[in-house]
Amino acid sequence: VGSSGQFEEAPPRSHCFPPTRSSLAMGYAGYSPGNKIADKLTPLQQALRALPLDKAQETLDLIEKLTRNVVRNPTDEKFRRIKLSNPKIAASITEVPFAVDVLKEMGWVEEGDGLALPSDVRLVHEREVVGIIDAKDYHKKEEENERRRQTAARKTLSADKEAVMRQMEADRKEKEAEGPVTQGSVAQKLGDGPNVMRAGDLGIGKSAGG
């Protein structure tokens, strides 16, 4: 009862869920547990940022759709269950690292071959949906950064390759400038055959009495 004597609705209680075992063991977003940067993020934010970059947007699109369905229809049981073996769910969530962890951070629990959202768990736009939208922006920026890194790496590789080609061309020109090696410039072994004339045969190096 409020100060005016009227009944006031209590604000919705925020459901906080402990990090999953995998998040505690590995850390999220490339940070080790206890890292100052990671500590500034909630467990849900950490899980959302841990999604692999090449699958993040596709996974977040589907998680956002599932979450919005629950927010709009909080008491509809069909939206509070996820069958992980469903081909579409499997491709974008079940088989994507950390994707199931994201749902568990929201309050989903394992049930049979899928996940279920307990009746006392309330998903709200301001927390879960906004968190997903923020994660999309984060991954989009990371994709742009990755493209820039790859472009820079290609430029470096191209410059290195060009330097090697220039050196090879310089070496080739240097060898051409030296000219071909002629036969006369190469020492020849005379051998010991009968037709080989030696200095002694011409009397060179012999004494007069010899």
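Residues numbered from 1 in each chain as written. Predicted model: local features only at pLDDT ≥ 70, side-chain atom pairs only at ≥ 80, totals over all residues. Heavy atoms only, no water.

In the nomenclature of an unreviewed UniProt entry, the protein chain corresponds to PUB domain-containing protein from the organism Alexandrium monilatum.

Here we take up the overall build of the protein chain. Helix and strand counts for the protein chain stand at seven helices and three strands. When the helices and strands of the protein chain are read in sequence order from the N terminus, they spell out α-α-α-α-β-α-α-β-β-α. Counting contacts in the protein chain only where the partners sit at least 6 residues apart, residues at least 24 apart contribute 66% of the total. Here the protein chain has roughly 15,000 Å² of accessible surface; of this, 54% comes from carbon and sulfur atoms. (Helix = DSSP H or I, 4+ residues; strand = E, 2+ residues; numbered from the N terminus. Contact = heavy atoms within 4.5 Å. Areas by Shrake-Rupley, 256 points an atom, 1.4 Å probe, with all protein chains shown as cover.)

Turning our eyes to something else, we now look at the pattern of salt bridges. As enumerated under the stated definition, the model contains eleven salt bridges in all. One salt bridge in this structure joins Arg 149 and Glu 146, with 2.8 Å as the shortest N-O distance. Separated by three residues within a single helix, Arg 149 and Glu 146 lie in helix α7 (residues 125–178), roughly one turn from each other. Owing to a relative accessible area of 46%, Arg 149 belongs among the partly exposed residues under this scheme. As a salt-bridge pair, Arg 172 and Glu 176 come within 2.5 Å of each other at their nearest N and O atoms. Here the residue Arg 172 and the residue Glu 176 both occupy positions in helix α7, the gap between them amounting to four residues, near one helical turn. On the accessibility criterion, Glu 176 (52% relative accessible area) is exposed. (Salt bridge = Lys/Arg side-chain N within 4 Å of Asp/Glu carboxyl O. Buried < 20%, exposed > 50% of the residue type's maximum accessible area, 1.4 Å probe, protein only.)

A word on a nonpolar patch on the surface. Taken together, the side chains of Val 164, Met 165 and Met 168 present a nonpolar region at the surface, about 300 Å² in accessible area. Residue placement: Met 168 occurs in helix α7. (Patch = residues over 30% accessible without salt bridge, like charges linked within 9 Å, V, L, I, M, F, W, Y side chains within 5 Å.)

This part is about the sheet that holds strand β3 (residues 114–116). By way of backbone hydrogen bonds, the strands of a sheet pair with one another, either parallel or antiparallel. Taken together, three strands build an open sheet; the order of strands is β1-β3-β2 and the sheet is antiparallel. Edge positions in the sheet fall to β1 (81–83) and β2 (109–111), since each has one partner strand and no second. With strand direction ignored, the average angle separating the axes of adjacent strands in the sheet is 30°. (Pairing = 2+ DSSP bridges. Axes fitted to C-alpha atoms, helices over the stretch in contact; angles between N-to-C directions.)

For the rest of this paragraph, the subject is the environment of Val 70. You can see Val 70 is positioned in helix α4 (residues 56–72). Residue Val 70 is classed as buried on the basis of its relative accessible area, which comes to 1%. With residues near it in sequence (within four places) discarded, Val 70 still touches Phe 79, Arg 80, Trp 108, Leu 117 and Leu 123.

All right, on to the side chain of Arg 80 then. Here Arg 80 lies in the loop between α4 and β1. Nearest to the buried, unbridged Arg 80 among oppositely charged side chains is Glu 77, at 4.5 Å. Here the side chain of Arg 80 touches Pro 74 through a polar contact of 2.6 Å, landing on its backbone oxygen. Among all residues touching Arg 80, those that are not within four sequence positions of it are Val 70, Pro 74, Trp 108, Leu 115, Ala 116, Leu 117, Pro 118, Ser 119 and Val 121. (Lys, Arg positive; Asp, Glu negative; His and termini not counted. Polar contact = N/O pair within 3.5 Å; in protein donor to acceptor, adjacent residues only side chain to side chain.)

As a further point, take the nonpolar core. Counting residues in hydrophobic clusters, the biggest one holds 27 residues, and the most contacted among them are Ile 82, Ile 93, Val 102, Leu 103, Met 106 and Trp 108. Secondary-structure elements contributing two or more residues to this core are α3 (43–49), α4, α5 (87–94), α6 (99–106) and α7. Looking at which element gives the most residues to this core, the answer is α4, with six residues. Not counting residues within four places of it along the chain, the set of residues in contact with Trp 108 comprises Val 70, Phe 79, Arg 80, Arg 81, Ile 82, Leu 103, Leu 115, Ala 116, Leu 117 and Leu 123. (Core = buried A, V, L, I, M, F, W, Y, C linked by side-chain atoms within 4.5 Å.)

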